[in-house]
Amino acid sequence: MGTTKSLLTAVLLATLTAAAQTTNQASPSQTPATVASQPAASNAAAPASTTATAPAPQTAAATQSLPPVTTMEDVVNRAIMREHALMDMLKTRNPLVETYLQNLKPDQQLGAVPKEDHYFLGRMDLGESVDRRDYLTKDSSFQKSMLGGVTKLFKFEYQPMGFSWMIFADREDFDRNHYEFKYVRREFLGDVRCLVFDITPKKDAGKGRFVGRVWVEDQDYNIVRLNGTYAPRPRNAYFFHMDSWRLNLIPGYWVPAYIYSEEGDFSYGAKDKMAFKAQSRIWGYDLKQAAKEDELTQLRVDSVKDDSTAAGDASPLEAQREWQQQAEDNVVARLQEAGLVAPEGEVDKVLQTVINNLEVTNNIDLPRPVRARVMLTSPLETFSVGNTIIVSRGLVDVLPDEASLAMVLSHELAHIVLGHNLGSKFAFNDRMLFTDESTYNNFGFRHNPEEETAADTKALDLLKNSPYAQKLDTAKLFLKELSARSPQLSALLTAHLGNSFVDTKSGQVTRLSALMTGGPELDQNKLDQISALPLGGRVKLNAWDDHVELAKSAPVAITSARDKMPFEVTPFFPRLTRLTSGAPTDNSTAAANTAVPVNSAPSSTPNSAANTTPSN
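Just so you know, these numbers come straight off a predicted model, no measurement behind them. (Residues numbered from 1 in each chain as written. Predicted model: local features only at pLDDT ≥ 70, side-chain atom pairs only at ≥ 80, totals over all residues. Heavy atoms only, no water.)

The next point concerns the overall build of the chain. What the chain contains, in helices and strands, is 13 helices and 19 strands. A burial count over the chain gives 55% of its 616 residues as buried. Within the chain, contacts between residues at least 6 apart in sequence are counted, and of these 71% link residues at least 24 apart. (Helix = DSSP H or I, 4+ residues; strand = E, 2+ residues; numbered from the N terminus. Buried < 20%, exposed > 50% of the residue type's maximum accessible area, 1.4 Å probe, protein only. Contact = heavy atoms within 4.5 Å.)

Written as structure tokens, this is what we have:
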């Protein structure tokens, strides 16, 4: 029984993280998640991103040329047509997919809380045969339990359940021959009026067919949300429930962006063998194509001749600084090219303001300005390369206030002030010539213990002289909450490029741990004590062009300790809006296409007993 349970858990996790590699076309009767052994040779690395040009997005004029929709039968037919059009458009796209999963256990005071977590990051090829290439080394214990007693010459393969079945209702056979469509009602999702349909597979349609509900917007009749699971379930696979959301980020199409999954509960008498919550995010659809289009538009030719006395050769110190700047620029550009760092935007300016506050009040005058950028991943990490501080989206999400953000940035600023420069070797451009999937194997910006200790000491001095000196109680509570939760959140707290907040062996907080000796005691029963936020509450991500913005949501009062959910996974409920026809596809056009989980960041001080949720 224990072996069966571990195998089912492994199948679930592998499926959830899009570990789908299809080498043969599945027939309608094939099980989407049927486990099959294949020669190890079939597990070769996937080819580089395709260079094919994507079909031009459908314009409003093209949509208007279609026959008018007058009946619900017409709506269904149009929705099927648009779903297949979306699949065709995405065949040339290679977005990144991130899944963060928390297994749950019951807690008398806090309800369902994490007991362990898993993190997966990879790139999806949405061509004819959906493939996925991992950015991170697989969890060895997870891989061992998944493979069971199978030798290294074989691997498990999922055909074609994986992630392709989470972003589409049915990639192969979404049509009237395989499904029944039943109209339910009209409903608004944000600003978008939708027609709601229940979908069930027809008799003998095959295993692993979608069962659930879809929301179809009433203008072009694209599916904007899917909610359900797959059935019937075969004996050797486990189908999970999912709530999949799409955003209108380019004209004519709604692209998959967010997926929430949940199984099990702890109600009295429940017999669920496993319980988990998971968030999946997809981004970088236009990453490769946009880079090619920018090759010539970014070219500048300057013919200005500098005859000043400063136009001579650089001094040795100037040369050293130029070299470090070149390395810094190379690294940041390469991380953005790999889809790991967002383009410059408004969140960077917020981080920059806090850095400036620390610099000005401490009379710091550096020869080069300190910059800040946002990493798009969920694990809580920071690092600096040259004079650029990089902070992960997940960390910005869970920090409760500006003083806590200042605490995080002060540590990296201290490294810069102390001259702990890392990464100058990356001034050699040949070191940038690696695949996106091997980014984590080629980059690393970890400091030794001595430099980390020195940076902590300097950071405390910076905070002491800053405008945040009297506002650090919440920052101290954040570190205490981090310490209390760290044994259950090892994946979330594992830094992949910089130093982690906690020691990977002991689970003890190592970053600025001296701050935990003072301040208020952590008390979950105090509803006005917000030590950390749930994931996803502060930053919204444009899945098409990777721009990030700060989420803006109305406050919602906390009524019990269970409403706090520090560091936890919550559902997605984006407020949907339509992209204005013909508008540019930058982050400003999709500002209202937010994906803020229910009960996220408080909009005021940590003493206000309120979390925020978007209103539909």
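On to the sheet that holds strand 15 (residues 388-392). The pairing of strands in a sheet happens through backbone hydrogen bonds and is either parallel or antiparallel. Read from one edge of the open sheet, three strands run 13-15-14, paired in mixed fashion. Edge positions in the sheet fall to strand 13 (371-375) and strand 14 (382-385), since each has one partner strand and no second. Taken over all neighbouring pairs, the strand axes of this sheet differ in orientation by 25° on average, direction set aside. Direction of pairing for strand 13 relative to strand 15: parallel, over a ladder of five bridges. Within strand 15, the residue paired with Met-375 across the bridge is Ser-392. Seen against the sheet, helix 7 (residues 316-337) touches strand 13, strand 14 and strand 15 and runs at an angle of roughly 25° to strand 13. Of the strands in this sheet, strand 13 and strand 15 touch helix 8 (residues 346-361), which is tilted by about 135° from strand 13. (Pairing = 2+ DSSP bridges. Axes fitted to C-alpha atoms, helices over the stretch in contact; angles between N-to-C directions.)

This part takes up the packing of helix 8 against helix 10 (residues 402-417). Helix 10 packs onto helix 8 with a crossing angle of 70° between their chain directions and a minimal axis gap of 9 Å. In terms of their interaxial angle, helix 8 and helix 10 are classed as roughly perpendicular. Regarding helix 8 and helix 10, the two cross each other, and that crossing is right-handed. Touching Leu-351, Val-354, Ile-355, Asn-357, Leu-358 and Glu-359 of helix 8 are Glu-402, Leu-405, Ala-406, Leu-409, Ser-410 and Leu-413, all from helix 10. (Parallel < 35°, antiparallel > 145°, perpendicular 65-115°, else oblique. Left-handed = near helix turned anticlockwise from the far one by under 90°.)

This part takes up helix 3 (residues 72-89). For helix 3, spanning 18 residues, the distance from its first C-alpha to its last is 25 Å, which sits close to the expected 26 Å at 1.5 Å a residue. By the burial criterion, the buried members of helix 3 are Val-75, Val-76, Arg-78, Ala-79, Ile-80, Arg-82, Glu-83, Ala-85, Leu-86, Met-87 and Met-89. (Expected span 1.5 Å × (residues − 1).)

Counting all residues, the mean pLDDT for the chain is 79, and 73% of those residues have values of 70 or more. Here residues 139-161 is modelled with pLDDT under 50, and outside its nearest four sequence neighbours on either side it reaches 69 contacts, counting other chains as well. Taken together, the stretch residues 582-616 has pLDDT below 50 and engages in 122 contacts with residues farther than four places along the chain or on a different chain. (pLDDT = per-residue confidence, 0-100.)

Our focus in this paragraph is the pairing of strand 10 (residues 242-250). With nine of nine residues buried, strand 10 lies mostly within the body of the structure. By the bridge criterion, four bridges tie strand 9 (residues 223-231) to strand 10 in an arrangement that is antiparallel. Each residue of the ladder has a partner; that of Gly-228, found in strand 10, is Met-242. Bridge count between strand 10 and strand 11 (residues 253-263): seven bridges; the pairing is antiparallel. Paired with Ser-244 across the strands is Ile-259, a residue of strand 11.

Moving on: the packing of helix 10 against helix 13 (residues 473-485). Packing of helix 10 against helix 13 brings their axes to within 7 Å, and their N-to-C directions diverge by 65°. One finds that helix 10 runs roughly perpendicular with respect to helix 13. Seen from above, helix 10 lies across helix 13 with right-handed handedness. Residues Ala-403, Ser-404 and Met-407 of helix 10 pack against Thr-474, Ala-475, Phe-478 and Leu-479 of helix 13. Of the residues that constitute the contact of helix 10 with helix 13, the class distribution is five nonpolar, two polar and no charged. (Nonpolar A, V, L, I, M, F, W, Y, C, P; charged D, E, K, R; others polar.)

Here we take up the pattern of salt bridges. Within this structure, the stated rule accounts for 28 salt bridges. The partner of Glu-328 in a salt bridge is Arg-368, and the shortest N-O contact between them spans 2.9 Å. Placement of the pair is Glu-328 in helix 7 and Arg-368 in the loop between helix 8 and strand 13, with a sequence separation of 40 residues. Under the relative-accessibility criterion, Glu-328 is labelled buried at 1%. With a shortest N-O distance of 3.2 Å, Arg-485 and Glu-568 are connected by a salt bridge. (Salt bridge = Lys/Arg side-chain N within 4 Å of Asp/Glu carboxyl O.)

Here we take up the packing of aromatic side chains. One pass over the full model with this rule turns up 15 aromatic pairs. Ring centres of Tyr-135 and Tyr-440 lie 6.5 Å apart, and the angle between their planes is 70°; on these two criteria the pair is classed as edge-to-face. Separated by 305 residues along the polypeptide, Tyr-135 in the loop between strand 4 (131-134) and helix 4 (140-147) and Tyr-440 in helix 11 (residues 439-442) bring together distant segments of the chain. Here Tyr-135 falls in the buried class, since its relative accessible area comes to 2%. Relative to Phe-181, the ring of Phe-174 has its centre 5.8 Å away and its plane inclined at 80°; by these criteria the two rings are edge-to-face. The exposure classification of Phe-174 matches that of Phe-181, with both residues buried. The rings of Phe-383, Phe-426, Phe-434, Phe-443 and Phe-445 are connected pair by pair, giving a single aromatic cluster. A cation over an aromatic ring shows up here: Arg-82 above the ring of Tyr-253, its NZ or CZ 4.9 Å from the ring centre. The ring of Phe-434 has Arg-334 lying over it, and the distance from NZ or CZ to the ring centre is 4.6 Å. (Phe/Tyr/Trp six-rings, centres within 6.5 Å; stacked < 30°, edge-to-face > 60°. Lys NZ or Arg CZ within 6 Å of the ring centre and 35° of its normal.)

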